[in-house]
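Chain by chain, the residues:
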Amino acid sequence: MKVLTANRLFDGEAVWLAADHSWAETLPAAHVAHDEADEERLAAHGKLSAARNEVVDVELIDVQLVDGAIVPLRLRERIRAAGPTVRGDLGKQARAVPALAAA
Amino acid sequence: MEPSMYRYDEFDRAFVEARVAQFRDQVERRLKGEITEDQFKPLRLQNGVYLQLHAYMLRVAIPYGTLSSRQLRMLAHIARTYDKGYGHFTTRQNIQFHWPALAEIPDALADLASVEMHALQTSGNCIRNISADHFAGAAADEVADPRPYAEILRQWSSAHPEFSFLPRKFKIAFTGAERDRAAIQTYDIGLHLKRNAEGELGFAVWVGGGQGRTPILAKKIRDFLPHEELLSYVTAIVRVYNLEGRRDNKWKARIKIMVHELGAAEFARLVEAEWENLKGGDLSLPQADIDAIEAYFAPPALPDRPEGDAAVRAARLDSRTFSDWLDRNVVTHRHPDYAAVTVSLKAIGETPGDISDAQMDAVADIAERYGFGEIRVSHEQNLVLPHVARADLPAVHDALVAQGLATSNIDLISDIIACPGLDYCSLANARSIPVAQQIALRFSSLERQREIGELKLNISGCINACGHHHVGHIGILGVEKKGGELYQVTLGGAADEHASLGEIVGRGFGPEEIVDAVETIVETYLSLRHDRAERFIDLYRRLGAAPFKEALYGAEARVA
């Protein structure tokens with residue numbers, strides 16, 4: 001399973017591609033691709049969005065579902081989705097809507 | 001009064017302002033889609049703007065680690081206005097802001113330019129910000145202040161047309177004392193300002209040091225270079241490297257690889273041959289030019305303050321906390337009535353090198369009131385007030401205590417160098433900061449830390465070694481293994497005039513094991529040392545890794 005992630009061009013915010021092809025600021029809103037065809041569609045959209053100068057550093061990342069929640073396999077991506085593990089007051093984890101706990 | 005530091009002339013001002021305007025235009029064009037990311041990325045990097053895990057990162061240069069109160073207040077303003085209320089001082093004496101929006105960075109750079117600061121050449125394959133001993137101009141053991149020469153090299157290397165696209169990044173460090181507090185042997189060029197038998201000033205020139213995935217200590221290629229030939233000789237070194245250094249493989253492109261592969265003697269021969277064409281020419285420094293730059297660094301007029309001894313004696317008796325701080329964080333000044341104070345950015349359990357906007361403002365105030373408005377940044381990620389009257393030490397101590405900046409731990413195990421690691425950095429493979437915090441918490445008793453004595457513990461979150469793990473007495477390198485973090489331990493590194501590279505002690509440790517492993521190493525040292533005078537590094541050099549391997553791995557080590 002994969003989701004498409006990037007950083008927003010104007011402010012660098014980590015974002016994930018949602019089902020409606022908008023860029024969501026939190027991982028739970030991401031669309032999960034369950035097969036290669038879906039991954040290709042995500043990647044194609046990411047390429048288009050980067051070409052439109054909306055995002056940079058577009059990448060498909062591996063995730064798994066844990067109790068229905070999207071959890072990236074790599075710690076790096078879990079930290080991107082939550083914020084610095086040493087500053088709970090910063091990043092997505094500091095928002096009213098709970099984000100993924102990184103570690 | 002103005003602190004003793006370089007002030008921009010009209011050329012500097014116009015240059016920096018032009019670069020801000022140029023970058024503003026580049027950002028606008030990028031946001032409008034007129035230039036692509038591939039076109040824009042090298043431009044933003046040339047202006048110190050990286051993209052990290054959570055946001056952009058702006059790295060601001062602090063030439064030779066010298067700041068004025070006015071500049072530190074501006075850094076506080078940048079943290080407050082464009083970032084999230086804090087900054088991170090790095091092992092290169094720079095400061096990083098981890099959250100600025102790209103669209104606002106030109107405004108931040110314009111604000112920085114108003115106090116003669118910028119982010120130029122804090123990235124890219126150019127000559128980076130030049131670093132120096134953080135006690136320069138104040139240290140009692142110094143031959144001469146190396147910062148005027150660092151400033152001369154800064155001016156020479158800024159937008160140098162020949163050296164703006166080198167095979168790889170290029171870093172230069174200065175010390176003006178025999179005791180190396182600037183880690184010059186870990187630099188591409190290390191310059192040791194000294195006097196020869198005739199009393200003339202010059203430099204011992206070290207070349208080809210570096211950390212990263214291939215750590216190599218610099219080799220001394222010249223024992224004495226007359227100081228007026230600094231530019232001609234450094235030009236010769238960088239020219240030889242620029243022409244002959246490898247560009248086909250990023251991992252073999254640093255000058256350290258070239259010096260290593262050619263051998264120091266052959267490299268020196270090439271440099272000397274090139275220098276033959278340069279010395280005594282346009283690049284030789286006229287004494288008048290050296291004098292003009294030195295005038296900017298003239299030490300503040302330090303009035304005699306003989307009452308300091310009595311004040312310090314009384315405060316020592318009055319407060320154990322003050323006494324501990326005096327012993328660890330205060331060092332001798334060349335003027336007997338003054339001292340240099342290290343402001344610890346290593347409060348137990350906090351992030352090494354981080355400082356809030358309010359703390360920056362407070363340090364700026366303290367420096368202005370008690371320290372001639374001058375602040376230094378150390379490569380060990382602390383701040384320094386280089387000129388404080390001993391009579392004012394109790395007041396400075398109290399003011400720092402109020403800001404949480406008076407932890408008495410300089411050179412102790414909790415004075416940890418740590419890179420931002422995987423909590424922020426897109427290059428990192430593992431976290432550094434939580435490991436540093438947990439080690440500091442494990443050894444939180446200052447009494448225990450003092451009993452252990454000098455112990456430099458450095459942590460990097462990847463092989464690029466920004467946390468200087470190769471030259472820590474205890475070095476910790478975080479790597480990614482099977483999706484998790486693993487911490488490899490090296491022992492026996494040092495970054496001073498007796499520099500050495502640490503040796504890997506054995507298999508790595510998981511995040512839950514690494515603090516115990518450090519404690520085992522420390523307890524092994526305590527059990528084996530002759531006495532308190534034998535520091536950890538001394539004992540390691542006497543006994544080697546064997547007792548530590550035995551303590552960490554037991555039977556496993558014996559089999560190996």
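Residue numbers restart at each chain and count upward from 1, following the sequence in its written direction. Here chains are named by letter from A upward and ligands by number from 1 upward, in the order in which they appear as written. Selection of residues for local features in this predicted model requires a pLDDT of at least 70, selection of side-chain atom pairs for listing and counting requires 80 or more, and totals for whole chains, interfaces and linings are taken over all residues.

Participant: Report on the overall build of chain A, specifying residues and quantitative values.
Facilitator: Within chain A, the regular secondary structure consists of two helices and five strands. The linear arrangement of helices and strands in chain A, starting from the amino end, is β-β-β-α-β-β-α. Computed over C-alpha atoms, the radius of gyration of chain A comes to 13 Å, within 12% of the 13 Å expected from 2.2 N^0.38 for 103 residues, which places it in the range of a compact globule. For the C-alpha atoms alone, the extent of chain A along its principal axes is close to 35 × 30 × 20 Å. Classification of the 103 residues of chain A by burial places 43% in the buried group. For the purposes of this entry, the term helix denotes a DSSP run of H or I that reaches at least four residues, the term strand denotes a run of E that reaches at least two, and both are numbered from the N terminus. Two things to know: the radius of gyration comes from C-alpha atoms, and the globule rule equals 2.2 Å times the number of residues to the power 0.38. Counting other C-beta atoms within 10 Å of a residue's own tells you its class, since 20 or more makes it buried, 12 or fewer makes it exposed, and anything in between is partly exposed; those C-beta atoms are placed from the backbone.

Participant: Any details on the interface of chain A and chain B? Residues and values, ideally.
Facilitator: Throughout, a pair of residues is in contact if the C-beta atoms placed from their backbones lie within 7 Å. Listed by partner, the interface residues are 22 residues for chain A and 23 residues for chain B. The element contributing the most residues to the side of chain A that touches chain B is helix α2 (residues 75-82) of chain A, with four residues. Looking at the side of chain A that touches chain B residue by residue, the classes come out as 10 nonpolar, six polar and six charged. Any residue outside Ala, Val, Leu, Ile, Met, Phe, Trp, Tyr, Cys, Pro, Asp, Glu, Lys and Arg is labelled polar, Gly included; the first ten of those are nonpolar and the last four are charged.

Participant: Describe in detail the pairing of strand β7 (residues 172-175) of chain B, supporting the description with residues and values.
Facilitator: All names here are of chain B. Alternating positions in β7 separate into two faces, I172 and F174 on one and A173 and T175 on the other, with burial throughout. In this scheme, strands are said to pair when DSSP sees at least two bridges between them. Where strand β6 (residues 131-132) lies against β7, two bridges are found, and the strand directions are parallel. Looking across to β7, one finds that A132 is bridged to F174. Here is how to tell: hold the view so the strands point away, follow the path from the first strand over the helix to the second, and if it runs clockwise the crossover is right-handed. A crossover connection joins β6 to the parallel β7 through helix α5 (residues 147-157); in handedness this β-α-β unit is left-handed.

Participant: Can you tell me about the domain arrangement of chain B, naming the residues and giving the values?
Facilitator: Residue ranges assigned to each domain were obtained from an automatic or database domain assignment. Parsing chain B into structural domains produces domain 1 (10-113), domain 2 (139-296), domain 3 (313-402) and domain 4 (417-559). With centres defined by C-alpha atoms, the gap from domain 1 of chain B to domain 2 of chain B works out at 27 Å.

Participant: Outline the sheet that holds strand β5 (residues 69-72) of chain A, listing residues and values.
Facilitator: Residues and elements named next belong to chain A. Strand order across the open sheet formed by five strands is β3-β2-β1-β4-β5, with antiparallel pairing between neighbours. Of all the strands in the sheet, just β3 (23-24) and β5 have a single pairing partner and so form its edges. The pairing of strand β2 (residues 14-17) with β3 spans two bridges and is antiparallel. From the neighbouring strand, W16 faces β3, where its bridge partner is A24.

Participant: Can you explain helix α4 (residues 105-113) of chain B? Please cite residues and give values.
Facilitator: All names here are of chain B. Regarding α4, the residues found buried are I105, P106, A108, L109, L112 and A113. On an axial view of α4, the arc spanned by its buried residues comes to 155°, and they lie on one face. Along its buried surface, α4 packs onto α1 (10-31), β1 (49-51), β2 (56-60) and α3 (69-82). Directions drawn from the helix axis to the C-beta atoms are what define this arc.

Participant: Before we move on, can you summarise the sheet that holds strand β9 (residues 201-207) of chain B with the specific residues and values?
Facilitator: As a general point, the strands of a sheet are linked pairwise by backbone hydrogen bonds and lie either parallel or antiparallel. All names here are of chain B. Here we have five strands laid out as an open sheet, ordered β6-β7-β8-β9-β10, and mixed in their pairing. A strand with exactly one partner marks an edge of an open sheet, and here the two such strands are β6 and β10 (219-226). Every angle, taken between N-to-C directions, lies between 0 and 180 degrees, and every axis is a line fitted to C-alpha atoms, over only the stretch in contact when it is a helix. Helix α8 (residues 264-276) rests against β9 and β10 of the sheet, and its axis sits at about 35° to β10.

Participant: Break down the environment of A:E25 for me, with residues and values.
Facilitator: Residues and elements named next belong to chain A. With respect to the helices and strands, the residue E25 is situated in the loop between β3 and α1 (36-51). Residue E25 is classed as partly exposed on the basis of its C-beta count, with 16 C-beta atoms lying within 10 Å. Sequence-wise, E25 and I70 are 45 residues apart; in three dimensions their C-alpha atoms are separated by 14 Å.

Participant: Got a sec to walk through the nonpolar core? Specific residues and values, please.
Facilitator: Each nonpolar core comprises buried Ala, Val, Leu, Ile, Met, Phe, Trp, Tyr and Cys residues, the members being joined through C-beta atoms within 7 Å. Counting residues in each nonpolar core, the largest one holds 190 residues, and the members touching the most others are B:V207, B:I237, B:V363 and B:L385. Beyond its immediate stretch of four places on either side in the chain, B:I237 contacts B:I189, B:V207 and B:V271.

Participant: Provide a residue-level description of the packing of helix α16 (residues 514-528) of chain B against helix α18 (residues 546-553) of chain B, including the pertinent values.
Facilitator: Residue and element names in this part refer to chain B. Between α16 and α18, the shortest axis-to-axis distance is 9 Å and the interhelical angle comes to 130°. It follows that α16 is oblique to α18 by the angle criterion. By crossing handedness, the relation of α16 to α18 is classed as right-handed. Note on element contacts: α18 touches α16 through P547, F548, A551 and L552, opposite A517, T520, I521, T524 and L528. Across the contact of α16 with α18, the residue classes tally to seven nonpolar, two polar and no charged. Our angle categories are set so that under 35 degrees counts as roughly parallel, over 145 as roughly antiparallel, 65 to 115 as roughly perpendicular, and the remainder as oblique. Rotating anticlockwise by less than a right angle from the far helix to the near helix defines a left-handed crossing, while the corresponding clockwise rotation defines a right-handed one.

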